[in-house]
Amino acid sequence: MGSETTRKLPVIDFTDLNSLANWEAVKSKVHEALVEYGCFEAIFDKVPLDLRKEIFASLEELFNLPLQTKLLNVSKKPYHGYVGQYPMVPLFESMGIDDANVSEKVEAMANILWPDGNPSFSKTINSFSEQLSELDHIIRKMVLESLGVEKYLDEHLHSTNYLLRVMKYKGPETSDTKLGLTTHSDKNIVTILYQNQVEGLEVLTKDGKWISYKPSSEGFVVMIGDSLHAWSNGRLHSPFHRVMMTGNEARYSTGLFSIPKGEYIIKTPEELVDEEHPLLFKPFDHVEFLKYYYTEKGQRDQFALRTYCGV
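Residues numbered from 1 in each chain as written. Predicted model: local features only at pLDDT ≥ 70, side-chain atom pairs only at ≥ 80, totals over all residues. Heavy atoms only, no water.

- The protein has the name Fe2OG dioxygenase domain-containing protein in an unreviewed UniProt entry, where Lotus japonicus is given as its organism.
- As its UniProt record puts it under Sequence similarities (unreviewed entry), the protein is described as follows: "Belongs to the iron/ascorbate-dependent oxidoreductase family."
- According to the UniProt record, the Function (unreviewed entry) comment for the protein is "Probable 2-oxoglutarate-dependent dioxygenase that may be involved in glucosinolates biosynthesis. May play a role in the production of aliphatic glucosinolates." (UniProt positions renumbered as here; feature names shortened; annotations may be inferred.)

## A look at the overall build of the protein
- Helix and strand counts for the protein come out as 10 helices and 14 strands.
- The C-alpha radius of gyration of the protein comes to 19 Å, within 12% of the 19 Å expected for a compact globule of 311 residues.
- Taken along the three principal axes of its C-alpha coordinates, the protein extends 55 × 40 × 40 Å.
- Split into buried and exposed, the 311 residues of the protein put 55% on the buried side. (Helix = DSSP H or I, 4+ residues; strand = E, 2+ residues; numbered from the N terminus. Rg over C-alpha atoms; globule rule 2.2 N^0.38 Å. Buried < 20%, exposed > 50% of the residue type's maximum accessible area, 1.4 Å probe, protein only.)

## Describing the packing of helix 1 (residues 20–36) against helix 5 (residues 119–147)
- Following both chains from N to C, one finds helix 1 and helix 5 inclined at 85 degrees, their axes separated by 9 Å at the closest point. The orientation of helix 1 with respect to helix 5, classified from their angle, is roughly perpendicular. Here helix 1 contributes W23, E24, V26, K27, V30, H31 and L34 to the contact with helix 5, which in turn contributes I138, K141, M142, V143, E145, S146 and L147.
- Of the residues assigned to the contact of helix 1 with helix 5, the class counts are 8 nonpolar, 2 polar and 4 charged. (Axes fitted to C-alpha atoms, helices over the stretch in contact; angles between N-to-C directions. Parallel < 35°, antiparallel > 145°, perpendicular 65-115°, else oblique. Contact = heavy atoms within 4.5 Å. Nonpolar A, V, L, I, M, F, W, Y, C, P; charged D, E, K, R; others polar.)

## Focus: unusual backbone geometry
- Although it is not a glycine, D99 sits at a positive phi angle of roughly 50 degrees.
- The topology assignment puts D99 in the loop between strand 4 (92–98) and helix 4 (103–113).

## Topic: the pairing of strand 12 (residues 251–260)
- Across the 10 residues of strand 12, 10 count as buried, placing the element largely inside the fold.
- A two-sided burial pattern is seen for strand 12, the buried positions comprising R251, S253, G255, F257 and I259 on one face and Y252, T254, L256, S258 and P260 on the other.
- As paired strands, strand 5 (residues 160–169) and strand 12 are joined by 10 bridges and run antiparallel to one another. The residue of strand 12 that forms the bridge with L163 is F257.
- As paired strands, strand 7 (residues 190–195) and strand 12 are joined by 6 bridges and run antiparallel to one another. Paired with L193 across the bridge in strand 12 is G255. (Pairing = 2+ DSSP bridges.)

## Focus: the UniProt feature "domain: Fe2OG dioxygenase" (unreviewed entry) in the protein
- Within the UniProt annotation, "domain: Fe2OG dioxygenase" (unreviewed entry) is assigned to residues 159–260.
- A distance of 6 Å separates the end C-alpha atoms of residues 159–260, which is 6% helix and 56% strand.

## Overview of the packing of aromatic side chains
- Considering all chains together, one arrives at 14 aromatic pairs under this definition.
- Taking the centre distance of 5.9 Å and the plane angle of 80 degrees together, the rings of F284 and F289 count as edge-to-face. Comparing F284 with F289 shows no difference in burial state: the two are buried.
- With a centroid separation of 5.5 Å and 45 degrees between ring planes, the pair formed by F289 and Y308 is classed as tilted. (Phe/Tyr/Trp six-rings, centres within 6.5 Å; stacked < 30°, edge-to-face > 60°.)

## Some remarks on helix 1
- The terminal C-alpha atoms of helix 1 lie 24 Å apart, and with 17 residues this matches the ideal 24 Å at 1.5 Å per residue to within 8%.
- Residues of helix 1 that are buried include every one of W23, V26, K27, V30, A33 and L34, and no others. Down the axis of helix 1, the sector holding all buried residues measures 130 degrees, keeping them to one side. Along helix 1, the residues that are exposed and aim more than 90 degrees away from the buried face are A21 and E32.
- Here the buried face of helix 1 lies against strand 2 (11–13), strand 3 (39–43), helix 5 and strand 10 (219–224).
- Backbone geometry just after helix 1 places G38 at a positive phi near 75 degrees. (Expected span 1.5 Å × (residues − 1). Arc of directions from axis to C-beta.)

Here you go:
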C-alpha cells in the first residue's frame, strides 16, 4: 500500500438542487466520484450550524458517562452497541443508536443511559439524523438515476433503516502517528460521516495511495459500503479507509449508516448485468453476511464479501 498523498477527496455542493440542470450536474459529479473514489465531501446546508455544534457537545456528554453506564448501550446486532476497551485500537470507543431518525427510539436509548432521560441530547441526535437521512435519500436517488434503475428507488429506500454510530478517538498525546481504527471497508449501503476539526480519516485510492481528509465544518464525507457495491454489480467503488491519530486532542465523529433490514435480500438488478458487466455477487442477506464477517476468519479476510457471496 502506498504512502500518503496530497490528493483530496472530490467536493460536491448540494446547496442548490432546485433546477433540473443543477440536479443533473450534481448527479453527474456524484456518479463520477463514487465510481472513482467511492466517496466524496458533500457541502449540505440543511443541517444548521448550531445543530452541528450541539452534536459535538452531545457526544462529549455521552462519552463522559461512566464505563458501566456506556456498557448499557447493547444491541442484538453485532457492533451496534458499545464498542471499546480493545487492545488493538486502544484510542477508539463507539456507541450505536438504532433508528436515530425516529424520536421515540432515541428517547428510549437515552432513558437507559440517563434514568431521568435527556431531552436535549435526544432532540439533538434525532434532528441531526433526520437532516442527514435527507442527504442519504438524495444521494441514493442520484445513484439509481445514474445507473438507469430508478424504477427500484422505492424498494431500495424502504429496504434499509438507519444506525447512527457516534465515535471518540482519544488523542495519543504524542507527535507519533498511532492507529485509531484499522483499515476496513463499510458493509452497509451509504455512510455519511461528520467530525470535529481533528484530522485522522484516511481513504485508500484505487491505485494504493492514502488520502488524508482535512475536515471542514460544513463538509460531510459520503462513502459507499460493500452492500451497495454488490447491488450495483461493482459499478460503484467501496473504499478502504482507516483512522490515524496524532497529538493531544480527541477526535469526535458521527456516522449515519443506511443498513439493509434483516431478511431483505440484496440482489443486483438484471439491468446492471450484461456481457461487459457479468454478475459479481450472488444474492445475499446482509445480516447473514455480517455473521460471517465478524468471525475470526471473516475479520482476517480483506475481501470478505467476495469470499461470502462472490460468483
